[in-house]
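# A closer look at the structure
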Amino acid sequence: MGTQNSGLAVVLARSGGFASLLTALPSAISAVIHCLIGSALAAVWRRRSP
């Protein structure tokens, strides 16, 4: 299914009592990539003529 909300996944991974920081790493990377892709698409779609 995948992570629906990567920010929430980071918070849950950090507050769940897991010993390793690596549990939150995939969600944190996903959040950054989603922000970059979303910004890039918004910039491209803004420049397209209707």
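The structure reproduced in this document is the subject of the present report. Everything numeric in this text was worked out from a predicted model, so none of it was measured.

### Here we look at a nonpolar patch on the surface
Where nonpolar side chains cluster on the molecular surface, the patch consists of Leu22, Leu25, Ile29, Ile33, Ile37, Leu41, Val44 and Trp45 and spans about 770 Å² of accessible area. With respect to the helices and strands, Ile29 occurs in helix 2 (residues 25–47).

### Quick look at the packing of helix 1 (residues 6–15) against helix 2
The relative placement of two packed helices is expressed as an angle between their axes plus a distance between the axes. At a closest axis distance of 8 Å, the pairing of helix 1 and helix 2 adopts a crossing angle of 160 degrees. Between helix 1 and helix 2, the interaxial angle falls into the category roughly antiparallel. Where helix 1 crosses over helix 2, the two elements pack in a sense that is left-handed. Between helix 1, through Ser6, Ala9 and Val10, and helix 2, the contact on the second element is made entirely by Ser27, Ala28, Ser30, Ala31 and His34. Partitioning the contact of helix 1 with helix 2 into residue classes produces four nonpolar, four polar and no charged.

### Focus: helix 1
Along an α-helix, residues three or four positions apart point the same way, because every turn accommodates 3.6 residues. All of the buried residues along helix 1 are Ser6, Ala9 and Ala13. Projected down its long axis, helix 1 carries its buried residues within an arc of 50 degrees, all on one side. Summarising the geometry of helix 1, the exposed residues directed more than 90 degrees from the buried face are Leu12 and Ser15. In this structure, the buried side of helix 1 is in contact with helix 2. Gly17 sits one or two positions beyond helix 1 and adopts a positive phi of about 80 degrees.

Conventions adopted
Residues numbered from 1 in each chain as written. Predicted model: local features only at pLDDT ≥ 70, side-chain atom pairs only at ≥ 80, totals over all residues. Heavy atoms only, no water. Patch = residues over 30% accessible without salt bridge, like charges linked within 9 Å, V, L, I, M, F, W, Y side chains within 5 Å. Areas by Shrake-Rupley, 256 points an atom, 1.4 Å probe, with all protein chains shown as cover. Salt bridge = Lys/Arg side-chain N within 4 Å of Asp/Glu carboxyl O. Helix = DSSP H or I, 4+ residues; strand = E, 2+ residues; numbered from the N terminus. Axes fitted to C-alpha atoms, helices over the stretch in contact; angles between N-to-C directions. Parallel < 35°, antiparallel > 145°, perpendicular 65-115°, else oblique. Left-handed = near helix turned anticlockwise from the far one by under 90°. Contact = heavy atoms within 4.5 Å. Nonpolar A, V, L, I, M, F, W, Y, C, P; charged D, E, K, R; others polar. Buried < 20%, exposed > 50% of the residue type's maximum accessible area, 1.4 Å probe, protein only. Arc of directions from axis to C-beta.

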